[in-house]
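Spelled out, the chains give:
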Amino acid sequence: LMVEMFLDFGKIIIADLILSGDNALIIGMAAAGLAPELRRKAILYGMVIAAVLRIVFAVIATKLLGIPGILFVGAILLFWGCWR
């Protein structure tokens, strides 16, 4: 049971890291106007913070999806948002 949970977390984390390529583009655009020494720091810190936040949010989302009925409530809210 515990091993399955860690494998599920691992799959989500790996998928998030693979899909984080768009973060690199945005961070690069934001750092383009900085001095070269600050640019490297901004890109490094931006990538690390983005990766950490993606992992944290993925773990939180996984925990939230374990709540019974949350998918139904999310579907209703999505339907309502699309309808409007």
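Above this text you will find the structure in question.
Quick summary incoming for the structure in this document. (Residues numbered from 1 in each chain as written. Predicted model: local features only at pLDDT ≥ 70, side-chain atom pairs only at ≥ 80, totals over all residues. Heavy atoms only, no water.)

The next subject is the overall build of the protein. Of regular secondary structure, the protein possesses four helices and zero strands. Over its C-alpha atoms the protein spans a radius of gyration of 18 Å, topping by over 25% the 12 Å that the globule rule assigns to 84 residues. The dimensions of the protein, computed from C-alpha atoms along their principal axes, are 50 × 40 × 15 Å. Looking at the protein as shown, the accessible area adds up to about 6,900 Å², and 78% of this sits on carbon and sulfur atoms. Each charge class in the protein can be summarised by its mean position, and for the 7 positive and 5 negative side chains these summaries are 8 Å apart. (Helix = DSSP H or I, 4+ residues; strand = E, 2+ residues; numbered from the N terminus. Rg over C-alpha atoms; globule rule 2.2 N^0.38 Å. Areas by Shrake-Rupley, 256 points an atom, 1.4 Å probe, with all protein chains shown as cover. Lys, Arg positive; Asp, Glu negative; His and termini not counted. Charge placed at Lys NZ, Arg CZ, Asp CG, Glu CD.)

This part takes up the packing of aromatic side chains. One pass over the structure, following the stated rule, counts one aromatic pair. Ring geometry for phenylalanine 79 against tryptophan 83: centres 5.9 Å apart, planes inclined by 35°, an arrangement best described as tilted. You can see phenylalanine 79 and its partner tryptophan 83 sitting in helix H4 (residues 70-83), four residues apart, about one turn around the helix. This pair shows no difference in class: phenylalanine 79 is exposed, exactly as tryptophan 83 is. (Phe/Tyr/Trp six-rings, centres within 6.5 Å; stacked < 30°, edge-to-face > 60°. Buried < 20%, exposed > 50% of the residue type's maximum accessible area, 1.4 Å probe, protein only.)

Okay, the packing of helix H2 (residues 21-31) against helix H3 (residues 36-65) next. In a pair of packed helices, the angle between the axes and the distance between the axes together describe the arrangement. At a minimum axis distance of 9 Å, the contact between H2 and H3 shows a crossing angle of 150°. Overall, the two elements H2 and H3 adopt an arrangement that is roughly antiparallel. The chirality of how H2 crosses H3 is right-handed. When H2 is examined against H3, the residues Asn23, Ala24, Ile27 and Ala31 are found in contact with a partner set consisting of Arg39, Ala42, Ile43, Gly46, Met47, Ala50 and Arg54. Tallied by class, residues from the contact of H2 with H3 come to seven nonpolar, two polar and two charged. (Axes fitted to C-alpha atoms, helices over the stretch in contact; angles between N-to-C directions. Parallel < 35°, antiparallel > 145°, perpendicular 65-115°, else oblique. Left-handed = near helix turned anticlockwise from the far one by under 90°. Contact = heavy atoms within 4.5 Å. Nonpolar A, V, L, I, M, F, W, Y, C, P; charged D, E, K, R; others polar.)

Now for H4. Here H4 is 14 residues long and its end C-alpha atoms lie 20 Å apart, about the 20 Å a rise of 1.5 Å per residue gives. Of all the 14 residues making up H4, zero are buried; the element is thus mostly uncovered. (Expected span 1.5 Å × (residues − 1).)

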